[in-house]
Structures are given as structure tokens and as C-alpha cells.
Amino acid sequence: MRYLKKSTLSLLLILLSISFSYSQESRKYLRIKKNNPDYLQGYILNKGAVRIEGLVKDNVLNETGKYSRVTFIFQDGTKARFRPDGIKGFGFWVYDYVSDDAKFYEVVQRGKKVTLYKRLREIPHPKSLESCFYDDFTIIVEDFYLKRVHEGVFKPVNEEGFNKEFSEYFADCEKTANKIRNEELTYADILEVVKQYNRSK
């Protein structure tokens, strides 16, 4: 009988916890969540690294914008915009972003030793210098970065001089370093480089 009472009490506490959680979501928040497909379930990490659940705006028409600011809806319905110096990071769906106080970086591949990040940016279309037809056209390019665990600096991954620079960067893993040095792994293989390096002992 005591076992049944404890089970009933535990179930009641769980139900109350779920009910309380949903009660924190205001009507305005739920309305936006239901009716606005641009806002996705996500989170921010405040300056104290506390995770706060809410809705993150995914502006698909401005792919580069998310690397400099993010719009967030708190569960009470309050809207706020954050720049990299205001939060430690944010995320939604399968995407996570971290801040260095100046920029947001998207996590591409987390690792026990080094993590690969990227940023998107717009540059003028190459033909814009040759033809007025391309004056208003831009293209989006990917920039990759590496950061070792416990390091605070994001290291740019440049195609020029990749083999020399990164065979030295990964010198503590002889197998990976040799493959880079011998051009078996190149700039285009940076994701595989990071995976191999993190698998090494």
C-alpha cells in the first residue's frame, strides 16, 4: 500500500511539473509558435551560460544575418534581439551557434580535441567588375574556423597554404599531419581532417 501511495505521489508531481512548464508559455508565445513558421523551438545561452528555452527566428531570406544577430521570443511572449556581445550562443533544430563577443559561429563538427565552425558572408559577384548586369548581385561564401578545447581563439582555415599550415597545426597526430602534408587531405577535406584528428588518441 505504501508503494502505491509513493507511485501516485510521484505521478502527481510529474503531472504538476508538466502543467507548470506549459503554463509558463504565454498565449502570445503559443500563438507565434503555432502560426509563424519563421520561429522555431530553440534556446539562447545568456552571459552566465544559462540555457533559456524559447523561439528563435530563422530568416531563410537572410542566411548571413544569423551570424551577426538573432531574434528570440521568450516564453512570456517578449521579443528581444541579441548580438554576439549579448549572449554566449543560441540554437534551433539541429543548429548550434557560439559567440566570441564579436561574431556568431555555427558549429559544424564538435570534437573532443578540436571543433570545426563556419560563417557565411556575402561578397560581390565576380562578374560585377566586368558587367553592369551583375551590379546588384552577390554570392555567399563559407569561411571555416577551428578552435581547440580550452582555447579562446577561432583559427581561420584558409585554402592558400593549407597543407603547410595545417600539417603543423595537427602535428600532434602524425597520421593526419602526414596526409595533409602529402595532399591526401586538402582544404576541401577539412571536415574529414577534423573527424580523423578527433578519433586519434
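Whatever comes next refers back to the structure up there.
1. Concerning the packing of helix α4 (residues 174-181) against helix α5 (residues 190-199)
Think of two packed helices as two axes; the pair is described by the angle between the axes and how far apart they sit. It is the contact of α4 with α5, at a shortest axis distance of 9 Å, that shows an interaxial angle of 155 degrees. Taken together, the axis directions place α4 and α5 in an arrangement best described as roughly antiparallel. Touching Thr176, Lys179 and Ile180 of α4 are Val193, Gln196 and Tyr197, all from α5. Per-class residue counts for the contact of α4 with α5 are three nonpolar, two polar and one charged.

2. Section: the nonpolar core
Grouped together as the largest cluster of nonpolar side chains are 16 residues, with contacts concentrated most on Val114, Leu146, Val157, Phe166, Phe170, Ile180 and Ile190. If one sorts the elements of this core by residue count, α5 sits on top with four residues. When neighbours within four sequence positions are excluded, Val157 is seen to be in contact with Phe144, Tyr145, Leu146, Phe162, Phe166, Tyr187 and Ile190. Counting 13 residues, the second largest nonpolar core, distinct from the first, contains Ile44, Ile87, Phe92 and Phe104.

3. Notes on the pairing of strand β1 (residues 39-45)
Pairing between β1 and strand β2 (residues 51-57): seven bridges, direction antiparallel. The residue bridging Tyr39 from the neighbouring strand is Lys57, located in β2. Following β1, the chain reverses through five residues before pairing antiparallel with β2; Ala49 in that reversal takes a positive phi of roughly 65 degrees. Bridge analysis of β1 against strand β5 (residues 89-92) gives four bridges, and the strand direction is antiparallel. Its bridge partner being in β5, Gly42 is matched across the sheet by Phe92.

4. With respect to the environment of Glu165
By the element assignment, Glu165 lies in helix α3 (residues 162-169). Residues Glu165 and Arg181, spaced 16 residues apart in sequence, show a C-alpha to C-alpha distance of 9.2 Å.

5. Description of the pattern of salt bridges
Evaluated as defined, the whole model comprises ten salt bridges. The residue Glu25 makes a salt bridge to Lys33 at a minimum N-O spacing of 3.9 Å. Looking at Glu25, the relative accessible area reads 12%, which means it is buried. Glu63 is the partner of Lys66 in a salt bridge, and the nearest nitrogen-oxygen pair spans 3.7 Å. The class for Glu63 is partly exposed, based on a relative accessible area of 30%. Through salt bridges that share partners, Asp58, Glu63 and Lys66 make up one connected network.

6. Considering the sheet that holds strand β10 (residues 155-157)
Spatially, the ten strands line up as an open sheet ordered β4-β3-β2-β1-β5-β6-β7-β8-β9-β10, and their pairing is antiparallel. Lying at the two open borders of the sheet, with one neighbouring strand each, are β4 (79-82) and β10. Here the average twist between neighbouring strands, direction ignored, is 40 degrees. Bridge count between strand β6 (residues 95-99) and strand β7 (residues 104-109): three bridges; the pairing is antiparallel. Along β7, the bridge assignment pairs Val98 with Tyr105. Lying on the sheet, α3 is in contact with β8 (114-124), β9 (138-148) and β10; it crosses β10 at an angle near 140 degrees. Strands β7, β8, β9 and β10 of the sheet are contacted by α5, whose axis makes an angle of about 165 degrees with β8.

7. What about the side chain of Ser167?
Turning to its location among the elements, Ser167 is positioned in helix α3. When sequence neighbours within four positions are dropped, the list of residues in contact with Ser167 reads Phe162, Ala177, Ile180 and Arg181.

8. Some thoughts on the pairing of β6
In this structure, β5 lies alongside β6, joined through four bridges in antiparallel fashion. Residue pairing for β6: Gly91 is matched across the bridge by Asp96. Remark: two residues form the turn of the hairpin made by β5 and β6, two consecutive strands paired antiparallel; Trp93 in that turn has positive phi of roughly 50 degrees. Two successive antiparallel strands, β6 and β7, enclose a turn made up of four residues, where Asp101 displays a positive phi of approximately 80 degrees.

Rules behind the numbers
- Residues numbered from 1 in each chain as written.
- Predicted model: local features only at pLDDT ≥ 70, side-chain atom pairs only at ≥ 80, totals over all residues.
- Heavy atoms only, no water.
- Axes fitted to C-alpha atoms, helices over the stretch in contact; angles between N-to-C directions.
- Helix = DSSP H or I, 4+ residues; strand = E, 2+ residues; numbered from the N terminus.
- Parallel < 35°, antiparallel > 145°, perpendicular 65-115°, else oblique.
- Contact = heavy atoms within 4.5 Å.
- Nonpolar A, V, L, I, M, F, W, Y, C, P; charged D, E, K, R; others polar.
- Core = buried A, V, L, I, M, F, W, Y, C linked by side-chain atoms within 4.5 Å.
- Buried < 20%, exposed > 50% of the residue type's maximum accessible area, 1.4 Å probe, protein only.
- Pairing = 2+ DSSP bridges.
- Salt bridge = Lys/Arg side-chain N within 4 Å of Asp/Glu carboxyl O.

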